[in-house]
Amino acid sequence: MLKKIMLVVTVAVLLAAVANLIAQDENNEPASPQTQRQRGVMGRGDRGMRRGPGRFAPGGADASLIVSSPMPKTEQEKKILDVLDDMDKNQRRGMMNVPVEDGRLLRLLTETVGAKHVIEIGTSNGYSGIWFCLALRKTGGKLTTYEIDARRASLARENFKRAGVDKMVTLVEGDAHETVKKLKEPIDVVFIDADKEGYPDYLNKLLPLVRPGGLILAHNINMMRGGRGSGIQDYVNAVTTNPDLETVFYLQGGGVSVTLKKR
Ligand SMILES: C[S@@+](CC[C@H](N)C(=O)[O-])C[C@H]1O[C@@H](n2cnc3c(N)ncnc32)[C@H](O)[C@@H]1O
């Protein structure tokens, strides 16, 4: 008799667990990796640029992103995306490039504000710079980018050339804390992605040149979470306590802060 009761209780518990799982799924709570793949969500670990809609991360580990992929509108755009794809696959080591999704965000913001002049601090091999150029082709703008490391600067020049965007880029070699002092022209978008301790200094030097309605973007804001980079902490304080500025944080990947200089 006792065995029968135990069996009935076990079956009831199992049925309740299954019903609970089904209810969770219907309420948009975490589903199985297979179900996530069927819905078109992907994990944070997904890297690389895959063309075409509806591609999914292997394993679907973390259902935090809905996938979309760059769809080239013209042959020239395809050529640039192919170079970015190649750099993503073959040049990342030691280059500290932004993740693909952050590159796409930079392009989108730049094109949206119709930027004519973008300043980038930290060129590396030109990966994020080329994402900016995708937008600048359309806005008729130009990129001025700063790099202290001669080897990376030289690689960036090669990459700008093979992407066919070299004519819209000025690469300034040297310590950007010094070289940006020569800037006089108005800026539409600033992207800070170099020495983390230097973020507040770059902000102080460049903010006066940013036009009202322009954007100041900074990368690796997530470093703050790990307690590293007090420069980033000071930077975040500066852009969140100034009433002339409005800042939001896009904290996927390395983390990008997006600051509007109010009109
Ligand atoms: C994170 S990487 C930039 C990655 C690049 N934005 C991309 O996504 O392709 C930072 C770069 O800043 C450069 N850098 C560091 N300190 C610098 C300084 N004081 N002036 C100019 N460049 C600097 C480094 O040499 C490095 O190449």
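Residues numbered from 1 in each chain as written. Predicted model: local features only at pLDDT ≥ 70, side-chain atom pairs only at ≥ 80, totals over all residues. Heavy atoms only, no water.

A. Representation of the sheet that holds strand β7 (residues 210-219) in the model. Strands sit in the order β5-β4-β3-β6-β7-β9-β8 across an open sheet of 7 strands; the sheet is mixed. The open sheet has two edge strands with one neighbour each: β5 (169-173) and β8 (245-250). Direction aside, the axes of adjacent strands within the sheet are offset by 15° on average. Bridge count for strand β4 (residues 142-147) against β5 is 5 bridges, and the pairing is parallel. (Pairing = 2+ DSSP bridges. Helix = DSSP H or I, 4+ residues; strand = E, 2+ residues; numbered from the N terminus. Axes fitted to C-alpha atoms, helices over the stretch in contact; angles between N-to-C directions.)

B. Structural context of helix α8 (residues 199-206). Here α8 has its buried residues at Y199, P200, Y202, L203 and L206. Buried residues in α8, looked at end-on, bunch into an arc of 160°, giving them a common side. Tucked inside the fold, the buried residues of α8 contact β3 (117-121), α7 (176-179), β6 (187-192), β7 and α9 (230-240). (Buried < 20%, exposed > 50% of the residue type's maximum accessible area, 1.4 Å probe, protein only. Arc of directions from axis to C-beta. Contact = heavy atoms within 4.5 Å.)

C. Molecular detail of the site of the ligand. Near the ligand lie 23 residues; those nearest to it are N97, G122, S128, E147 and D193. Measuring from a nitrogen atom of the ligand, one finds a side-chain N or O atom of D193 at 2.8 Å. Compared with its free state, where it exposes 610 Å², the ligand has 92% of that area covered by protein. Those elements that place two or more of their residues in the shell around the ligand are α5 (127-139), β4 and α7. Grouping the constituent residues of the shell around the ligand by class yields 9 nonpolar, 7 polar and 7 charged. (Near = heavy atom within 4 Å. Polar contact = N/O pair within 3.5 Å; in protein donor to acceptor, adjacent residues only side chain to side chain. Areas by Shrake-Rupley, 256 points an atom, 1.4 Å probe, with all protein chains shown as cover. Nonpolar A, V, L, I, M, F, W, Y, C, P; charged D, E, K, R; others polar.)

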